[in-house]
Each structure stands twice: as C-alpha cells, then as structure tokens.
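Here's the letter readout for the chains.
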Amino acid sequence: MAIDLWRRHTGLRNALVLIALWEVVGQFKLVAGGALPALSAIVRRLSVDWSDYPGHIWATLAASGSGFLIGNTIAILAGILFVIFPVLLRVTRGLNIAIFALPPIAIAPILALTLSGMAPRITLAALGVYFVTMSATVIGLSQHDSRTADLVRAYGGGRWQVLWRVQLRGALPSILSGFRVAAPAAVLGAILAEFGGGGRWGLGTYLLGSLGRAEPDRIWGIGLVATLIAGLSYGAFALLSARLVGTSRAVSLNPAAPPSLQPDTGALWYRLALVAASVALPFLVWWAFLRGLSVPAMLGKTPWDVIRYLFLDPTSAQAQARLLAALAQTLPITFAGMALGMGFAFVLAVSSRMLPEFTRAFMPVALITQTMPLVALTPLLVLLLGRGTSLTLWVTVSVTFFPAYVMMAQGLALVPRAAVELPRAYGARAWSELRLVAIPASVPYVFAAMRLTAPRALLGVMIAEWLATGRGLGNLLNQSRGYLDFNMIWTVAAVSVLISVAFYQAVLIAERRVLARMGMTTTE
Amino acid sequence: MRLQMNRRNFLGASAGAAALPFLPRGARANTPFTMQSAWINDAEFAGYFIGIDKGYYADEGLDLTYLPGGPDVIPESSIIAGRADLSLTTPDTTIKAIVEQGAPFKIIGAQYQKNPIGIVSLAKAPILTPADMVGKTIAVPPVNTISVEAVLAINGIDRSQVNIVPYSYDPTPLIRGEIDASLDFTTNVPYTIETMGEEAVSFLLYDFGFTIYNDTVVVTEETLRTKRKELVGWLRASRRGWVENFEDPSLWPPKWMGTWFAGTGRSLDNELFFNTAQQPLMESPAGYMAMTEDGIAANLEALARVGINGTRDMFDTTLLEEI
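Engineer: Whenever I open this one, the overall build of chain B confuses me. Can you help?
Structural biologist: Scanning chain B from terminus to terminus reveals 13 helices and 10 strands. Looking at chain B as a whole, 60% of its 323 residues are labelled buried. The contacts in chain B between residues at least 6 apart in sequence include a share of 80% that link residues at least 24 apart. If you sum the accessible surface of chain B, you get close to 12200 Å²; carbon and sulfur atoms cover 53% of it.

Written out as structure tokens, the structure is:
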C-alpha cells in the first residue's frame, strides 16, 4: 500500500529529494562557500523580513498584472486581426519581431525617462507578453480543424461565424499555452523595469537594496517570492489549459491541412511594397514614439540620429570600431548558447513525454531559473563559474530553454490521437511511436520555438555581459549609460534588435524549406 | 532646449489644480518642485529627508517631490526629460556630458566636498594606494569606470595593468576572494563587510589626486533662468537639513525606519554608520552644499587629467551666495 502510494507520487517524491538535497548542500556550505544557503535558512530569513514584503509584492503584482492584461488584450486582438486580414500580419511583421526582440535592459531606462510612475513597468511587462500571446493566437486560429469550419459554412455561417464558433474555440488551448509563458514574462518585465526606473517599491527595488548587503539568504528569499508569484500564475494557466485541451483536441485525424496564411502571394510590386512597409514600420513607430511623447533630442535619438552617429559624424569611425569589437565578442557565444538551449529544451520535451514524473520533478527547478531575476541569480553563478564564457553560456541556456520547451511540449501534446494510434495498433513501442509520429508532427512547433529562442539567446548573452563579464554588446550598453552616451545607447539597442530580426528571418527561411519538403505549413 | 508642456506635465498640473481646494491652507501657496536623487533611500540623503519632514522646503515656498535613484537611474536624464527640476549627480559624468554633448547643465552646489567613493579591500590583503592595484582585479560599477581610470592616470599607472570587472554592489565576491577590491562608498560598504566577519580597509580616490566633489547639484540652464528663487530656496532648506542632521547623526535615522527607509532592507546600524562616516566628507568652512573657488579649481584640474576639459563657467556659485 505504502509502496503503491509512493510510486503514484513520484513527482512529489523527486521534489522532496531535491529539497532535501538543497538543505544538505546549504547546511554544509557545499556550493561556493555558502552562496547557496539552506532552504530552512532562507525561510527563516523570510519570516524575519516579512514586514518589508507586502508593499514590494503589491507593487510588482500591480505592474505585472496590468502589463499582463494590457499586453494580452492587445496581443489577442492583434492575432485575430492578423488572421482575418493576413496582409496586416505581413505589414506589421517587422514591428512584431522588433517588439519581441527589444532587449528589455536597453529600453528600461529609456522607458523610465519617457514615461512616469508605474507606466515604464507596465509597458515592459506588456511588451514581454505581447509577442508570445500574439503568435500563440495566430497559430491557434490558423490551425483549426477545417472540417468543423466546413460544417459551419455548409449551414450558411460566414467568416465571423467560423471565427467565433470554430477558430476562437479551437485556438483556446494555444492561447492558454501562450499565457502560460507570458505570465512569468510579465513578472520578469516588471521587475526588470524596477531596476531601471527608480521608485521605492517593488521586488526589483527591494533586491537592489539587498544586493549590497551580502546576504544570500535574503536575495534567495526575494527570488523565491518572485518565483512563487510567477509559478502560481503559470500553474493557474497550466491547469486551465489542461481542463480545456481535453475538450477541444481533435479526436480523429484531419487529412486536409488547414487553410493557412499564404505567405508571399500577389504581384511582385505588391509583395515588394509589403516588405518595404514591414521594414519601415518599426522605424516609423520609433520616431512617432519620440515625437508623441516629445522626448528631448539629447535623450531620445531618432533612426536618422543613429545613422548619422554611425556613419556621418567625425567620430563615426571610433563609434564603429567600438561597436564591431563588441559584436565580435557577443555573436559567437550567442550562437553557441542558442544551440545548447534548444538542444536542452528538445531533450526535456521528449523526456516529458517519455518520463513524465522526471519532468514533474524537474519543473520546479526550471521555473526557478526562469523567474528568479537574473540579477539575483548571476552573482551566484559568478561564484560557481567565474566571470568567463561558461557563465555566459549558462545564463543564455537558462533564458532560452524554457519558452522553447513549452512550445515543443505543446507540439508533442497536440499530436492528433489517430496518428498516434496507428503505430500503436501495429504494436510499436513508445520510442518508435515518438520517433515516427510525434516528433515529425511537431516539427512546426520546433521551428516556432527556434524563432522564439533566437532573440532571447542574444538577450541572455547581453544580460551576462552587462552584469558579470564586462565584455561585448551588453557591456558597451552599460558603459554608454555611465558616460551618458545616449547615441551609443540607442545604437546598441537598434543593432541588437536588427541582429535578432536577422536571426529570426534566417530560421524562417530554413523553416519554409524544411516544412515545404514535409508537406506542412509554417506557423507564422 | 525649450521645456514644453507635454501631456504628462499637463495632466500633472491639472491634477494639482484639482486637488488645490483640499490642501491645508499653509500648503496652498507652495510651488511644486522635484528633485532627482542619486541613489535608493539611505543616510546619504538624510539632510533632504529632514528638510521635508521639518518643513524647511515648505518654509521656502516649495512643495518638494523627492525621486529616489538607483544603480540603473541616470540622474542627469531626469532633468533633460523635464521630470525633475534638479538632480544630484557625479561631477565627472555631468561635465563630460556638457563638454562632449553640449548638455545645457549648470552645477549650483555640491553635497560631498570630498567624493566618498574609494577602493575597498580586506585588511588581510590590503590595497592602500593606487600602486597596490597593479595586477589586481577590481570590481567597479560601470558608471564609475572613468573615475578609476582617472586615478590610475593621475598616479602614472597603465590602465592595462589593472583588471576592471563590473560591480553589482554586492561585497560577497570580495569576501570570497573572487575579486581583490571593489569601488564603493567608503561610508557604507565597510560596515557590511564587518558584519560578515572581515575587516575592511579603504582609500579615497580623492586622496590620490582625483579631487572631485560628489552628489553635485545640477540643473538645466533653462531651470536656472526660470526658477532661480526656488533653487536658492532649495539650497537654503537643504543646508538647514544637513546642519540639523549633523548636530546628532544618530538622532534622525531611527525615526525613518518606518518611513523613508521602509522596505529598503537595510539595518538601522548600517544607516548610523553611514551617517557618522559621511560627516567629515561633507563639511566645508563655507557651509554645507558649498563650492569654493579652490574646490572648483581642484575638480577641473583632476578632470582635465583624464581628458575632460571643463571650465569655471560650468559652475554657478551665485545662488549659494544668496542663501
């Protein structure tokens, strides 16, 4: 009996083992001479500090909650619009990718100056959730079961009827899985903006005040509280989606591919015009943002200012040299970190299917690395790994693998049952079933995960460079702030966005080739 | 640069007007005035907190809004953006911005006559002069990199002989021996190190030729023209606050644990240590917040050695004379 119970709760058991291990490691100061305190010490410290917390928690909750609401509302509306008017998706492509790829550390101080009060935090949280939810909405809406839509049409339903009765309902699991990733992202965005924005309240602000006091137990305590907030929000949406996926997953296999958003259709001039508009729009928005808020010229640099600074000024050669030297340090490690993060996510997604209880035990650890502010985690990693390349790689893997994992796991979970049952009927083992059906069927999700990961890899490298190694693009950005070199700040932000967009574009081209060969469609 | 009434200012102004009838009578006449601080709330800004709590700013007709700073806040940006009227800054970045970018700044006062930043190391491996830094790893906040480079240059040490890494305001790496020293406020971090069971030693950059002020009071030329009366009032009230603070440095910090210092996670003992340690760095025969001709000359000379060529007219001492 007891053994039965023990077996059934392997996930719980593994978690308990992990906690016990943590306690032992902490008690005997096994990690870097006590940089990882025992869980009991952290909890003890939490209860001592508890009177400090309510104000900080409330500020972070308010900012991330508002950002989550606003960002997701815009994202879902935008996703619906994009599916109804695919041309809009093509025009705003550049803007969408740019929003996704914006390095939050670069814009946090800029937002703090151009907006006031809580607005910078809310904006950064909203920016953090927009792309994830928007793409989840588009994927969900465009991958509906066309037979259901045919049914509605056969009974005289129009486009709106199909959207309302078929597409939105079918998209719900996908949107919820987007929310799942978006929720911790909102908390992180809010905390990151607290770092750049001054102000007195918020977990990020609290962490700042505590960093200088060399108390790892308190820093871990703050991190765990942030983790708890993010973890609870993640759990709530995971639960909701588990409830709903069961009722909306296709029971049988639909042989017809869903009518997709056909890319690159129309006359050549039309396509070129769309591409031009898509490229121009982010720069227009950049310029309009500065104009709309009447940001002083010294602080806010327009796209033209950046071009002038890099190519036309007498000091341009020097600026170019600094930028290129930084890029030469940043780019190689970004590619390496991205490859590692994707590989890790893939292994994890496969193992979550094959060894669910292992994944359940691993998830808390994964969530901690996701939601613990990197600023708190980095000092610990520095003590473990030094300030070299391995640190940058670890930070990069830690920021990339989680969203990639969620996407891939979703792809594996949504494989139509009929496709899975075929090999099973022929007596295939779980591994061959995975190899022959589940993995190929989820290839579109793997590519979507890759596109999601590319910009985050660059961000991870920049965060590590900014906080610890003092090299590359991240350091250049940080140093430029110290020198009040606003031109360079905007230049680095713009260049890092351009690089991310280039990554994204490269993955997309590869994706189209591969999927065309496999007879699948791209999930834009 | 012209300061425009943008939407935010307008909303703020109209909200202020709407709230007017509800304010107590004495507060009605006060002009809204905003200062951007240089760091999170701690004893470094005790004088201003006293000025607010005891109504010294209100006495000058100012309704003061205090914006805390932090590691990622660039204080000068707040006055460029029009979010604050006045800002506490480090003079090296301010003067560099004036020289290189034509920033319309004037320095109208200085809180620290001697910059409290210094190189902090452990007593068991002491670094007591710039020469001791050769071959060592020093953690420096990026904002202060030019200050350290300045001291190295002044003392004839090649920059490449010292390994400078980013500093995240955490003394743990120093105690663990991962770095040999860090640049921090000597009024603050030695306390933390002592609570961790190590003894700290330090030297001020000021004492090795980098003779600059810190927490310089900076305004835009526009503000200087249009709000001169308010600025003089702010300086007068601030001086009163600092005088009051140093009459007994242990009197005020305990009162603020539930207000100004609430939620910072710092202990009262830390603030008392800080408040006591900063007194000698702020005193001047000409009074708190003062800028003397000798002091200004020393600032310009130190900065010139690192290629920041400031001039006397970047400092405006006439407001201090009106106090």
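Engineer: Please clarify how the overall build of chain A should be interpreted in this entry.
Structural biologist: Across its full length, chain A carries 22 helices and 0 strands. Sorting the 524 residues of chain A into buried and exposed places 56% on the buried side. For chain A, contacts bridging at least 24 residues in sequence account for 79% of all contacts bridging at least 6. Accessible surface, chain A as shown: approximately 22500 Å² in total, 70% of it carbon and sulfur.

Engineer: Looking at this structure, I do not really get helix H6 (residues 145-154) of chain B. What am I missing?
Structural biologist: Because the α-helix completes a turn every 3.6 residues, residues three or four places apart line up on one side. Residues and elements named next belong to chain B. When you tally the buried positions in H6, you get 8 out of 10 residues, the bulk of the element. Here the buried face of H6 lies against helix H5 (91-101), strand S5 (117-122), strand S6 (137-140), strand S7 (163-166), strand S8 (181-185) and helix H12 (293-304). The first or second residue beyond H6 is Gly 156, which carries a positive phi of 70°.

Engineer: Explain the pairing of S5(B) to me, please; I cannot follow it from the model alone.
Structural biologist: Remember that side chains alternate between the two faces of the sheet whenever the strand is regular. Residue and element names in this part refer to chain B. The element S5 is largely enclosed, with a buried count of 6 among its 6 residues. In the sheet, S5 pairs with S8 via 4 bridges, with the strands oriented antiparallel. Paired with Val 120 across the bridge in S8 is Ser 182. The pairing of S5 with strand S9 (residues 200-204) spans 5 bridges and is antiparallel. Note on S9: the bridge partner recorded for Ile 119 is Phe 203.

Engineer: Honestly, unusual backbone geometry in this entry has me stumped. Any pointers?
Structural biologist: Negative phi characterises most residues that are not glycine, and trans characterises most peptide bonds. Phi is positive for Ser294(A), close to 40°, though the residue is something other than glycine. Along the chain, the position of Ser294(A) falls in the loop between helix H12 (268-292) and helix H13 (303-312). Although it is not a glycine, Asp215(B) adopts a positive phi angle of roughly 50°. In this fold, Asp215(B) is placed in strand S10 (residues 214-220).

Engineer: Would you take a moment to explain the nonpolar core for this structure?
Structural biologist: Generally speaking, nonpolar side chains in soluble globular proteins are found buried as a group. If you look at the biggest cluster of nonpolar residues, it comprises 138 residues, and the most contacted ones within it are Tyr48(B), Ile119(B), Met133(B), Phe210(B), Trp234(B) and Met289(B). Among the elements that take part in this core, helix H22 (residues 486-518) of chain A stands out by supplying 10 residues, more than any other.

Engineer: Looking at this structure, I do not really get the packing of helix H14 (residues 316-354) of chain A against helix H17 (residues 389-413) of chain A. What am I missing?
Structural biologist: Residue and element names in this part refer to chain A. Two elements in contact, H14 and H17, have axes separated by 6 Å at closest approach and are oriented at 40°. Viewed along their axes, H14 and H17 adopt a mutual orientation that is oblique. As H14 runs across H17, the sense of the crossing is right-handed.

Engineer: Just to check I follow, could you spell out the packing of helix H10 (residues 228-247) of chain B against helix H11 (residues 268-282) of chain B for this structure?
Structural biologist: A pair of packed helices is captured by two measures, namely the crossing angle of their axes and the spacing between those axes. All names here are of chain B. One can describe the packing of H10 onto H11 by two numbers: an axis separation of 10 Å at closest approach and a directional angle of 125°. Classified by the angle between their axes, H10 and H11 sit oblique to one another. Handedness of the crossing formed by H10 with H11: left-handed. Here Trp 242, Asn 245 and Phe 246 of H10 lie close against H11, whose contacting residues are Asn 275, Gln 278, Gln 279 and Met 282. Its residues assigned to classes, the contact of H10 with H11 shows 3 nonpolar, 4 polar and no charged.

Engineer: What is the right way to read helix H7 (residues 119-142) of chain A from this model?
Structural biologist: For H7(A), built from 24 residues, the straight-helix expectation of 34 Å at 1.5 Å per residue is met to within 8% by its first-to-last C-alpha distance of 33 Å. At Tyr130(A), H7(A) is deflected by roughly 30°, the largest bend along its length.

Engineer: Mind showing me how you'd approach the confidence of the model for chain A here?
Structural biologist: One rule of thumb: low pLDDT means the predicted coordinates there are not for detailed reading. Residue and element names in this part refer to chain A. Of all residues in chain A, 85% have pLDDT values of 70 or greater, and the mean over the chain is 80. Averaged pLDDT values over the elements of chain A bottom out at 53 in helix H1 (residues 2-8) and peak at 94 in H13. Confidence drops under a pLDDT of 50 for residues 251-260, and excluding neighbours within four residues, the segment shows 18 contacts in the predicted structure.

Engineer: Before we go on, may I ask you to explain the pattern of salt bridges in this structure?
Structural biologist: Two side chains of opposite charge can pair, provided their charged atoms sit close to one another. Counted by the stated rule, this structure contains 20 salt bridges over all chains. The shortest N-O distance in the salt bridge between Glu60(B) and Arg236(B) comes to 2.8 Å. One end of the pair, Glu60(B), is in the loop between helix H3 (56-59) and strand S2 (62-67); the other, Arg236(B), is in helix H10, with 176 residues separating them in the sequence. With relative accessibility at 28%, the residue Arg236(B) sits in the partly exposed group. A salt bridge links Glu149(B) to Arg159(B); the shortest N-O distance between them is 3.1 Å. Residue Glu149(B) is located in helix H6, and its partner Arg159(B) is located in the loop between H6 and S7; the two are separated by 10 residues in the primary sequence. By relative accessible area, which is 25% here, Glu149(B) ends up partly exposed. Via salt bridges that share partners, Arg45(A), Asp49(A), Asp217(A) and Arg218(A) belong to a single interconnected network.

Engineer: Teacher, can you tell me more about the packing of aromatic side chains here?
Structural biologist: The way to describe two aromatic rings as a pair is by their centre distance and the angle between their planes. All names here are of chain B. Per the counting criterion, the structure on display carries 31 aromatic pairs over all chains. Note on Tyr 191 and Phe 273: the rings are 5.6 Å apart at their centroids and 50° apart in plane angle, and the pair reads as tilted. You can see Tyr 191 sitting in helix H8 (residues 189-195) and its partner Phe 273 sitting in helix H11, a full 82 residues away along the chain. Exposure remark for Tyr 191: the relative accessible area of 13% places this residue in the buried category.

Engineer: Any chance you could explain the sheet that holds strand S4 (residues 105-112) of chain B here in plain terms?
Structural biologist: Residues and elements named next belong to chain B. Read from one edge to the other, the open sheet built from 5 strands follows the order S2-S1-S3-S10-S4, with strand pairing classed as mixed. Among the strands making up the open sheet, the edge pair consists of S2 and S4. Averaged over all pairs of adjacent strands, the angle between strand axes in this sheet comes to 25°, irrespective of strand direction. Where strand S1 (residues 31-36) lies against strand S3 (residues 86-89), 2 bridges are found, and the strand directions are parallel. Residue pairing for S3: Met 35 is matched across the bridge by Leu 86. Its contacts with the sheet put H10 on S1, S2, S3, S4 and S10, and the angle it makes with S1 is roughly 60°.

Engineer: Before we go on, may I ask you to explain the environment of Asp132(B) in this structure?
Structural biologist: Residues and elements named next belong to chain B. Here Asp 132 is to be found in the loop between S5 and S6. You can call Asp 132 partly exposed: its relative accessible area is 29%. The spatial distance from the C-alpha of Asp 132 to the C-alpha of Val 162 is 9.9 Å, given a sequence separation of 30 residues. Dropping the residues within four chain positions of it, Asp 132 is found in contact with Pro 126 and Ile 127.

About the cut-offs
Residues numbered from 1 in each chain as written. Chains lettered and ligands numbered in written order. Predicted model: local features only at pLDDT ≥ 70, side-chain atom pairs only at ≥ 80, totals over all residues. Heavy atoms only, no water. Helix = DSSP H or I, 4+ residues; strand = E, 2+ residues; numbered from the N terminus. Buried < 20%, exposed > 50% of the residue type's maximum accessible area, 1.4 Å probe, protein only. Contact = heavy atoms within 4.5 Å. Areas by Shrake-Rupley, 256 points an atom, 1.4 Å probe, with all protein chains shown as cover. Pairing = 2+ DSSP bridges. Core = buried A, V, L, I, M, F, W, Y, C linked by side-chain atoms within 4.5 Å. Axes fitted to C-alpha atoms, helices over the stretch in contact; angles between N-to-C directions. Parallel < 35°, antiparallel > 145°, perpendicular 65-115°, else oblique. Left-handed = near helix turned anticlockwise from the far one by under 90°. Nonpolar A, V, L, I, M, F, W, Y, C, P; charged D, E, K, R; others polar. Expected span 1.5 Å × (residues − 1). Bend = angle between axes of the 7 residues up to and from the residue. pLDDT = per-residue confidence, 0-100. Salt bridge = Lys/Arg side-chain N within 4 Å of Asp/Glu carboxyl O. Phe/Tyr/Trp six-rings, centres within 6.5 Å; stacked < 30°, edge-to-face > 60°.

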